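# Understanding the architecture of this molecule
So the chains spell out like this:
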Amino acid sequence: VATCRDRKLKNSTEQNRNVWETRSKLLGTSLKGVLFKGLPDVVNEHFHNWHKNLILSTIENKHKLRMLDVGCGYGRLSMAIIERFPDVDLTGMDISENYVSLYKKNTNQPAYVGAIENFPAELGTFDCIICITVLMYVDDENLGRAIDHVFLHLKWGGQLILIEPHCSGA
C-alpha cells in the first residue's frame with residue numbers, strides 16, 4: 001500500500017521528469033538545456049568551465065575508478081572526465097529519457113533513467129559520485145531522501161563532488 005509520502009514523491013518526481021523531458025527536447029545539447037536557461041550564454045559557459053575544472057582537479061585518480069554522474073544531462077561533464085581519465089568506468093543517471101539517450105550517444109557509456117530521490121538499485125556503488133546542479137530541483141520534503149540515496153551508492157571512503165547553487169533558481 002502506497003503511503004501519502006510515497007504518492008507525493010511520485011507526483012513530485014513525475015512533475016520534475018516532465019519538465020526535464022520537455023527541456024531536453026527543446027534545448028538539447030546547449031548549456032541552457034542543463035544549466036540556467038534564463039542566463040546569457042557567456043555566463044553559462046563560465047559556470048560550465050568552472051564546474052569542469054573543479055571536478056577534474058578534484059577527482060582522485062584511482063586505478064579502475066568507478067564513477068556516477070547524477071543528473072548527467074547530455075554528458076557535458078562526463079565527456080571531459082572521459083577525456084582526462086580514459087580508463088574510468090563512468091555511468092550516467094538522469095530523470096529525462098531524452099538526456100539519457102543523448103548521454104549514451106555522446107559518451108558511449110551506460111546511463112539509466114532515474115530520479116536522485118530513488119536511484120535504481122542495479123547501479124550498485126561507486127568510488128566517486130558527481131552531483132552538479134541537481135539538488136536545487138528537489139523539493140525540501142524529498143531532499144533528505146535524495147542525499148540518503150547518494151550516500152547509499154557511494155563506496156566507503158568514496159568521493160562525492162557536489163556543486164549546488166543556493167536559491168538561484170533555473
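These numbers come from a predicted model, not from an experiment.

All right, on to the pairing of strand E1 (residues 66-70) then. Most of E1 sits out of view: four of its five residues are buried. Sheet analysis places E1 next to strand E2 (residues 89-94), joined by five bridges and oriented parallel. Bridging from a neighbouring strand, Leu-68 pairs with Thr-91 of E2. One crossover worth recording links E1 to the parallel E2 by way of helix H4 (residues 76-84), and it is right-handed. As paired strands, E1 and strand E4 (residues 126-132) are joined by four bridges and run parallel to one another. Directly across from Val-70, in E4, lies its bridge partner Cys-131.

Attention now goes to the packing of aromatic side chains. Geometry of an aromatic ring pair is reported as the spacing of the ring centres plus the angle between the planes. Evaluation of the coordinates by the stated rule reveals two aromatic pairs. Aromatic pair Trp-20 and Tyr-137: ring centres 5.0 Å apart, planes at 85°, arrangement edge-to-face. Of this pair, Trp-20 sits in helix H1 (residues 4-27) while Tyr-137 sits in the loop between E4 and helix H6 (140-152), and the two are 117 residues apart along the sequence. With 6.5 Å between their ring centres and 45° between their planes, Tyr-74 and Tyr-99 make a pair best called tilted. Of this pair, Tyr-74 sits in the loop between E1 and H4 while Tyr-99 is found in helix H5 (residues 97-107), placing the two residues 25 residues apart along the sequence.

Pairing between the strands of a sheet comes from backbone hydrogen bonds, and it takes one of two forms, parallel or antiparallel. The five strands lie next to each other as E3-E2-E1-E4-E5, forming an open sheet whose pairing is parallel. Each edge of the open sheet is held by one strand with a lone partner, namely strand E3 (111-113) and strand E5 (154-163). Adjacent strand axes in the sheet meet at a mean angle of 20°, parallel and antiparallel pairs treated alike. With respect to the sheet, helix H3 (residues 41-58) is in contact with E4 and E5, its orientation differing from that of E5 by roughly 155°.

This part covers empty space enclosed by the protein. One way to see where empty space is left: roll a probe the size of a water molecule over the atoms. Counted under the stated rule, the structure contains one cavity of 30 Å³ or more. Here the largest cavity is characterised by a volume of approximately 340 Å³. In terms of lining, the largest cavity is formed by 23 residues, of which the most central are Trp-20, Gly-71, Asp-94, Thr-133 and Val-134. For the lining of the largest cavity, the elements supplying multiple residues, two or more each, are H1, E1, H4 and E2. Each residue belonging to the lining of the largest cavity can be placed in one class, and the counts come to 14 nonpolar, five polar and four charged.

In this structure the tally under the stated criterion is zero disulfides. Free of any disulfide, Cys-72 has its nearest cysteine sulfur in Cys-131, 11 Å distant. Of all cysteine sulfurs in the structure, the one in Cys-128 sits closest to Cys-131, which takes part in no disulfide; the separation is 11 Å.

Let us now look at the packing of H3 against H4. Their axes nearest at 10 Å, the elements H3 and H4 cross at an angle of 40°. Here H4 runs oblique to H3, going by the angle between their axes. Remark: the crossing between H3 and H4 carries right-handed chirality. Of the residues in H4, those touching H3 at His-48, His-51, Lys-52, Ile-55 and Leu-56 are Arg-76, Leu-77, Ala-80, Ile-81 and Arg-84. Partitioned by chemical class, the residues of the contact of H3 with H4 number five nonpolar, two polar and three charged.

Cut-off values and rules
- Residues numbered from 1 in each chain as written.
- Predicted model: local features only at pLDDT ≥ 70, side-chain atom pairs only at ≥ 80, totals over all residues.
- Heavy atoms only, no water.
- Buried < 20%, exposed > 50% of the residue type's maximum accessible area, 1.4 Å probe, protein only.
- Helix = DSSP H or I, 4+ residues; strand = E, 2+ residues; numbered from the N terminus.
- Pairing = 2+ DSSP bridges.
- Right-handed = clockwise from strand over helix to strand, strands pointing away.
- Phe/Tyr/Trp six-rings, centres within 6.5 Å; stacked < 30°, edge-to-face > 60°.
- Axes fitted to C-alpha atoms, helices over the stretch in contact; angles between N-to-C directions.
- Contact = heavy atoms within 4.5 Å.
- 1 Å grid on protein atoms, 1.4 Å probe; cavity = no way out; pocket = protein on both sides within 12 Å on 5 of 7 lines; lining within 4 Å.
- Points joined across faces, edges and corners; volume = space filled by probe spheres on them.
- Nonpolar A, V, L, I, M, F, W, Y, C, P; charged D, E, K, R; others polar.
- Disulfide = S-S within 2.5 Å.
- Parallel < 35°, antiparallel > 145°, perpendicular 65-115°, else oblique.
- Left-handed = near helix turned anticlockwise from the far one by under 90°.

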